[in-house]
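Breakdown of the fold
What follows is each chain in one-letter form.
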Amino acid sequence: MTTPNSQMPHRAWNAAEARMSFFRKPIRNKIPEPKAVSLFWIYEYVRHGWMRPETEALRKIDNHDEARLYKGDHFDYVTPSGVFSYCNDQSLVQHSGLMCMDLDALGERREELFHQLVDNTDVETLLLFRSPSGQGLKWFVHIDLARCDHKTWFLALRRYLMTIYHLTDKQVDASCANVSRACFLGHDPEAYLRTDLIEYF
């Protein structure tokens, strides 16, 4: 799944240096912006008010298909697991050493799980924010590609979430395993960032 040029450098991984591609809306756009972005940049993006109107509008849409189309047309996105020349698995330039687990359909458990993940000592939360839909969470963690590949990490983290937090197949979607998986950026003024590790753009 990974190639020699997509492996992380042979030195200590630094969360502040992790980079990923940023794509302007709509989701049909597969060409990234020239400058890759950091965890801190994403944290500032979602906390700022830029996407507040679109996020509020999305959360008022009751129809699932209509909401999906609105999100795809109105929200910028990133590829958390790396820098890409084009948004597909074959165009990975450099893996970030990150994975974003997309947790959905959490309902009333969303806030409880948010705080549980922030306090988790088994898997360190680097960045965490509410999804644009308001029904889920975007959980960013470090994965060590020297230990196993991207897909194996995804399956392990998925199993961990389902076992420890009793989440369902639907809540931790198995289709999110691909390395070029997109993460939409909405508005969350209470997003969490591990600021002792991540301070700069």
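Calculation rules
- Residues numbered from 1 in each chain as written.
- Predicted model: local features only at pLDDT ≥ 70, side-chain atom pairs only at ≥ 80, totals over all residues.
- Heavy atoms only, no water.
- Helix = DSSP H or I, 4+ residues; strand = E, 2+ residues; numbered from the N terminus.
- Buried < 20%, exposed > 50% of the residue type's maximum accessible area, 1.4 Å probe, protein only.
- Contact = heavy atoms within 4.5 Å.
- Polar contact = N/O pair within 3.5 Å; in protein donor to acceptor, adjacent residues only side chain to side chain.
- 1 Å grid on protein atoms, 1.4 Å probe; cavity = no way out; pocket = protein on both sides within 12 Å on 5 of 7 lines; lining within 4 Å.
- Points joined across faces, edges and corners; volume = space filled by probe spheres on them.
- Nonpolar A, V, L, I, M, F, W, Y, C, P; charged D, E, K, R; others polar.

Okay, unusual backbone geometry next. Here the residue pair K25 and P26 is connected by a cis peptide bond, since its omega of 0 degrees sits within 30 degrees of zero. With respect to the helices, strands and loops of the structure, P26 is situated in the loop between β1 (21–23) and α1 (39–47). In this structure, A105 is a non-glycine residue whose phi angle is positive, near 55 degrees. Structurally, A105 is set in the loop between β5 (98–103) and α4 (110–118). Phi is positive for H166, which is not a glycine, with a value near 55 degrees. Its place among the elements puts H166 in the loop between α5 (150–164) and β8 (183–184). Relative accessible area serves as the criterion here: at 61%, H166 is assigned to the exposed category.

Turning our attention to the environment of W153. Mapped onto the elements, W153 comes out in helix α5. In this structure W153 comes out as buried when scored by relative accessible area, which is 14%. Leave out the neighbours within four places in its chain, and W153 touches M99, I143, D144, L145, R147 and C148. Of note is the side chain of W153, whose polar atom sits 2.9 Å from the backbone oxygen of D144.

Turning to empty space enclosed by the protein, a few remarks are in order. Evaluated as defined, the whole model comprises 1 cavity of 30 Å³ or more. One number sums up the size of the largest cavity: a volume of about 110 Å³. Lining the largest cavity are 15 residues, with P80, C100, C176, N178 and R181 positioned closest to its centre. For the lining of the largest cavity, the secondary-structure elements that each account for two or more residues are β5 and α5. If one sorts the elements of the lining of the largest cavity by residue count, β5 sits on top with 3 residues. Partitioned by chemical class, the residues of the lining of the largest cavity number 9 nonpolar, 3 polar and 3 charged.

Shape descriptors only; they carry no functional weight alone.
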